[in-house]
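# Report on the structure
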Amino acid sequence: MALPASSADLTVSLLDDARSMAGDIGDLRHRLHREPEIGLDLPRTQEKVLAALDGLGYEVSTGTDTTSVTAVLRGTGGDAGSTGERPVVLLRGDMDALPVQEKTGVHYASRIEGAMHACGHDLHTSMLVGAANLLAARRDQLAGDVVLMFQPGEEGFDGAGVMLREGVLDAAGRRPEAAYGLHVMSSMANAGAVMSRSGAVMSSSDGLFVTVHGAGGHGSAPFAAKDPVTVAAEMVMALQSMVTRQFDVFDPVVVTVGVLQAGTKRNVIPETARLEATIRSFSPEAKARLKASVPRLLESIAAGHGLSATVEYCEEYPLTVNDGTESAFARRAVDELLGAERYRELANPLAGSEDFSRVLAEVPGAFLFLSAVPDGTDHADAAYNHSPYAVFDDAVLPEGTALYARLALERLAAARP
């Protein structure tokens, strides 16, 4: 296949070919959606991806500690230059679902009780498979190699960290020059908008696990016991006060207590109370201060009441940071492929977190959001990602597929000596 005469020709070619595959991409998406799998072990999902890649000319490997798929396409366009090394670009699509009971009513709804692709990862996987086809057909246009990273366990299992340990960044024999990821949204912007920003684009995430140790007793005589419930309640409120009084409003922190457990009966003071929280921050400085100040605050509250507390502060995902140059490149790719009116610059980073942050901490790149709100639906009324009612429109599949492929083709061409 000859190299398109211009960027405009490439745009038309990619979009036309992606749209011609829309049925196949949509079919894969529906099959994945009907059989969602959670965590690091996704055997049925892996099987579908491997079958879709078969015969395309990729060097395919699978994970040992997770059912990941890594596929390397060796481009034959361009030359290696004086160093003898060809550039590499990585594209990532996550594959796992959530423990959510689906309530969308779509004809391809989940058939697995208590599991749903409520975050749209079935679209990511399908679009990356679509891009694999587009790139394989343009192998002689690729001025380098492409690594496709099909990742399990994004939803709280650090699948990216597992794949990094297993060597995904060295799969082509050289580290990538750039890495890109897409994430669909069921809300946030009207259909087809692509959103991103330079710098921090998503928060870091930490986990807080606290057990307050008291002494049980009768509800009528709290003075004869050591009540962990009131201490835990004070901790919840103190965490919110800490956010507003110890941290700069222009470098925000989000602390949400999602678990608060204690007791078995209303007239029994329990021995322990437990709380769990998610903690989000937007700078390394705030993250470091939280790690130091939160345990100190909670242990001091417990001690002040004559109790003790076991506090586990677990660092999870770092900030997701878009490289300035790669972010600008990705924006140009969107402008040229879909039109400048489709791009939305995010004023602020999102408070959600991503383990793709681990890839971007090692390789410059960009993470973009693609609105999959059904056409004609106001995004303000649409259910957000992770909702049992979240609906992602198949209409974005060809455009996301073409965008993945264009990012790889153009970035490799730009890296050519």
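Quick notes on the rules
- Per chain, the residues get numbers from 1 upward, laid out in the order the sequence is written.
- Where totals are concerned, whole chains, interfaces and linings use all residues; where local detail is concerned, this predicted model gives features only for residues with pLDDT of at least 70, and gives and counts side-chain atom pairs only at 80 or more.
- The basis for every side-chain value is the complete set of heavy atoms in the structure, and neither hydrogens nor water enter the calculation.
- Only DSSP runs of H or I reaching four residues or more are called helices, and only runs of E reaching two or more are called strands; each is numbered from the N terminus.
- We compute the radius of gyration from the C-alpha atoms alone; for a globule the expected value is 2.2 Å times N to the 0.38, where N is the number of residues.
- Each residue is assigned to one of three classes by its accessible area relative to the maximum for its type, calculated with a 1.4 Å probe on protein chains only: buried under 20%, partly exposed between the two thresholds, exposed over 50%.
- Residue contacts follow a heavy-atom distance rule, with two residues in contact if any of their heavy atoms lie within 4.5 Å.
- Values of accessible area rely on a 1.4 Å probe in the Shrake-Rupley scheme; residue burial ignores everything except the protein chains shown.
- In this tally, Lys and Arg are treated as positive and Asp and Glu as negative; His is ignored, and so are the chain termini.
- All charge positions are set by atom: Lys at NZ, Arg at CZ, Asp at CG, Glu at CD.
- Strand pairing follows a simple DSSP-based rule, namely that at least 2 bridges must link the two strands.
- Simply put, an axis is a line fit to the C-alpha atoms, just over the touching stretch for a helix, and the angle between two N-to-C directions goes from 0 to 180 degrees.
- pLDDT measures how confident the predictor is about each residue, on a scale from 0 to 100.
- Salt bridges, as used here, are contacts in which a Lys or Arg side-chain nitrogen is within 4 Å of a carboxyl oxygen on Asp or Glu.
- UniProt positions are given in the numbering used here, feature names are shortened, and annotations may be inferred rather than shown by experiment.
- Put simply, the grid is 1 Å and covers the protein atoms alone, a cavity is a trapped set of points that fit a 1.4 Å probe, a pocket is an open set with protein on both sides within 12 Å along at least five of seven lines, and lining residues have an atom within 4 Å of a point.
- Grid points are joined across faces, edges and corners, and a volume is the space filled by probe spheres set on the points.
- Here a helix's expected span is defined as the number of its residues, less one, multiplied by 1.5 Å.
- Across the chain, bend at a residue is computed as the angle between axes fitted to the seven residues ending at that point and the seven starting from it.
- Under the pairing criterion, centres of Phe, Tyr and Trp rings, with the six-membered ring standing for Trp, must be within 6.5 Å; the plane angle then separates stacked pairs below 30 degrees from edge-to-face pairs above 60, leaving the rest tilted.
- Here, over-ring charges are defined by two tests on the NZ atom of lysine or the CZ atom of arginine: distance to the ring centre within 6 Å, and angle to the ring normal within 35 degrees.

## Focus: the overall build of the chain
- Helix and strand counts for the chain stand at 10 helices and 16 strands.
- By the compact-globule yardstick of 22 Å for 417 residues, the chain fits well, its C-alpha radius of gyration being 24 Å.
- Summarising its shape, the C-alpha atoms of the chain cover approximately 85 × 50 × 40 Å along the three principal directions.
- Residues classed as buried in the chain amount to 53% of the 417 residues present.
- Taking contacts inside the chain between residues at least 6 apart in sequence as the whole, the part at least 24 apart equals 82%.
- Surface accessibility of the chain: about 17100 Å² in total, with carbon and sulfur atoms responsible for 51%.
- The average position of the 35 basic charges and that of the 55 acidic charges among the side chains of the chain differ by 3 Å.

## Section: the sheet that holds strand β10 (residues 253–262)
- Taken in spatial order, the 4 strands of this open sheet run β10-β12-β8-β13, and their pairing is antiparallel. Of all the strands in the sheet, just β10 and β13 (308–317) have a single pairing partner and so form its edges. Recorded for the sheet is a direction-independent mean angle of 15 degrees between the axes of neighbouring strands.
- Relative to β13, strand β8 (residues 204–213) is paired through 9 bridges, and the arrangement is antiparallel. Bridging from a neighbouring strand, Gly207 pairs with Cys314 of β13.
- Contacts from helix α7 (residues 284–304) reach β8, β10, β12 (272–281) and β13 within the one sheet, and its direction differs from that of β13 by about 165 degrees.

## Thoughts on the confidence of the model for the chain
- For the chain, per-residue confidence averages 94 on the pLDDT scale, and residues scoring 70 or more make up 95% of the total.
- Taken as a whole, residues 1–5 scores under 50 in pLDDT and shows 10 contacts with residues more than four places along the chain or in a different chain.

## Structural notes on the sheet that holds strand β3 (residues 88–94)
- With respect to topology, 8 strands assemble into an open sheet ordered β1-β2-β4-β3-β5-β16-β6-β15, the strand pairing being mixed. Strands with a single pairing partner mark the edges of an open sheet, and in this sheet they are β1 (59–62) and β15 (343–345). Averaged over all adjacent pairs, the angle separating strand axes in this sheet is 20 degrees, with direction ignored.
- In terms of strand pairing, strand β6 (residues 194–196) meets β15 through 3 bridges, oriented parallel.

## A few points about the pattern of salt bridges
- For the coordinates displayed, the defined rule picks out 25 salt bridges.
- Put simply, Asp122 and Arg29 hold a salt bridge, and the shortest N to O gap is 2.8 Å. With Asp122 in helix α4 (residues 121–137) and Arg29 in helix α2 (residues 22–34), this residue pair connects regions lying 93 residues apart in the sequence.
- Residue class for Asp122 comes out buried when judged on its relative accessible area of 1%.
- What makes Arg29 buried here is its relative accessible area of 1%.
- A salt bridge links Asp170 to Arg175, with the shortest nitrogen-to-oxygen separation between them at 3.4 Å.
- Residues joined in a network through salt bridges with shared partners are Glu35, Glu37, Arg44 and Lys48.

## Observations concerning the environment of Leu239
- Within the secondary structure, Leu239 is located in helix α6 (residues 228–246).
- Accessibility expressed as a relative area gives 0% for Leu239, which makes it buried.
- Excluding its chain neighbours within four sequence positions, the residues that come into contact with Leu239 are Leu208, Val255, Val257, Val294, Leu297 and Leu298.

## Quick notes on the environment of Arg331
- Within the secondary structure, Arg331 sits in helix α8 (residues 324–338).
- Spatially, the C-alpha atoms of Arg331 and Ala366 are 9.5 Å apart, while their sequence positions differ by 35 residues.
- Discounting residues that sit within four places of it in the chain, Arg331 has contacts with Tyr343 and Glu345.

## Re the environment of Val236
- One can find Val236 in helix α6.
- The sequence separation of Val236 and Val255 amounts to 19 residues, and the corresponding C-alpha distance is 9.5 Å.
- Once residues lying within four places of it in the same chain are set aside, the contact partners of Val236 are Val257, Leu260 and Leu275.

## Focus: the UniProt feature "domain: Peptidase M20 dimerisation" (unreviewed entry) in the chain
- Mapped onto this structure's residue numbering, the UniProt feature "domain: Peptidase M20 dimerisation" (unreviewed entry) falls at residues 207–301.
- Measuring from the first to the last C-alpha atom of residues 207–301 gives 19 Å, for a span that is 39% helix and 33% strand.

## Digging into the layout of surface pockets
- One number sums up the size of the largest pocket: a volume of about 650 Å³.
- Contributing to the lining of the largest pocket are 35 residues, with Glu155, Arg280, Gly352, Ser353 and His386 lying nearest its centre.
- For the lining of the largest pocket, the elements supplying multiple residues, two or more each, are β5 (178–185), β8, β10, β12 and β13.

## Quick word on α7
- Taking 1.5 Å per residue, 21 residues should reach 30 Å; α7 reaches 30 Å between its end C-alpha atoms and fits that length.
- By the largest-angle criterion, Leu290 marks the main kink of α7, which is about 25 degrees.
- Burial in α7 covers these residues: Ala286, Lys287, Leu290, Ser293, Val294, Pro295, Leu298, Ile301 and Ala302.
- The inward-facing, buried residues of α7 abut β8, α6, β10, β12 and β13.
- Just downstream of α7 lies Gly306, where phi reads positive at about 80 degrees.

## With respect to the packing of aromatic side chains
- Taken as a whole and judged by the stated rule, the model has 3 aromatic pairs.
- Ring centres 6.0 Å apart and planes at 40 degrees place the aromatic pair Tyr180 and Phe329 in the tilted group. One end of the pair, Tyr180, is in strand β5; the other, Phe329, is in helix α8, with 149 residues separating them in the sequence.
- The class for Tyr180 is buried, based on a relative accessible area of 0%.
- Residues Phe367 and Phe369 carry aromatic rings whose centres are separated by 5.4 Å and whose planes lie at 85 degrees to one another, so their mutual orientation is edge-to-face.
- When its relative accessible area of 0% is taken as the criterion, Phe367 is described as buried.
- By relative accessible area, Phe369 is classed as buried at 1%.
- Clustering of aromatic rings is evident, with ring pairs tying together Phe356, Phe367 and Phe369.
- Between the NZ or CZ atom of Arg289 and the centre of the ring of Phe247, over which it lies, the distance is 4.4 Å.

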